[in-house]
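Chain residues, written in single-letter form:
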Amino acid sequence: MRRMIAGLVAVTAMTLTGATVFAKTETIKGQLVDEECFRKEKKVEADSSCATACAKDGKPVAVLTADGKLYQVRGPLAENKNAKLVPHMNHTVQITGEVTDFAGALSIASDTVHMIK
């Protein structure tokens, strides 16, 4: 009974806030960027030093796709202050993982990143 009530509360909360969550496995290809700077400037920095420094500080990293979508990288790839992502900042990468759309905010959770030449 408690599980049923908890489930109803969660569904009701999502309905009231208008938030929807969809998760599916996808492969995303794009450029790794500092999410905060990209959202402010609406462009990718020519020099990767700032994005690399922000990633090392643990700030959110995102994949910017060719069609302009921004996917925040979450999960094991973002652990330890983005340790697995730092070497790839501003490079084109491919990530396969669980893509989530929460009220229009896209994210991908994965444990591996592949650099595209």
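Everything below is about the structure printed above this text.
In this text the structure is predicted, and so the values were computed from the model without any measurement.

Brief notes about the overall build of the chain
Of the regular secondary structure elements, the chain holds four helices and six strands. Tracing the chain from N to C terminus, the helices and strands come up as α-β-α-α-β-β-α-β-β-β. Of all intrachain contacts in the chain linking residues separated by at least 6 positions in sequence, the fraction that spans at least 24 positions is 69%. Carbon and sulfur atoms form 57% of the exposed surface of the chain, whose accessible area is close to 7500 Å².

Some thoughts on the nonpolar core
With 18 residues, the main nonpolar core has L32, V63, Y71, V73, L85, I95 and I108 as its most contacted residues. Those elements giving two or more residues to this core turn out to be β1 (21–34), α3 (49–56), β2 (61–65), β3 (70–74), β4 (92–102) and β5 (105–109). Aside from chain neighbours lying at most four places away, what touches L32 is V61, A62, V63, V73, L85, H88, M89, N90, H91 and V93. With five residues, the next largest nonpolar core counts F38, A62, L64 and L70 among its residues.

Considering the pairing of β5
Within a regular strand, the side chains alternate between the two sheet faces. As paired strands, β3 and β5 are joined by four bridges and run parallel to one another. Residue pairing across strands places Y71 opposite L106, the latter belonging to β5. Inspection of the sheet shows β4 paired to β5 by five bridges, in the antiparallel sense. Within β5, the position partnered with D101 by the bridge is L106.

The rules behind these values
- Residues numbered from 1 in each chain as written.
- Predicted model: local features only at pLDDT ≥ 70, side-chain atom pairs only at ≥ 80, totals over all residues.
- Heavy atoms only, no water.
- Helix = DSSP H or I, 4+ residues; strand = E, 2+ residues; numbered from the N terminus.
- Contact = heavy atoms within 4.5 Å.
- Areas by Shrake-Rupley, 256 points an atom, 1.4 Å probe, with all protein chains shown as cover.
- Core = buried A, V, L, I, M, F, W, Y, C linked by side-chain atoms within 4.5 Å.
- Buried < 20%, exposed > 50% of the residue type's maximum accessible area, 1.4 Å probe, protein only.
- Pairing = 2+ DSSP bridges.

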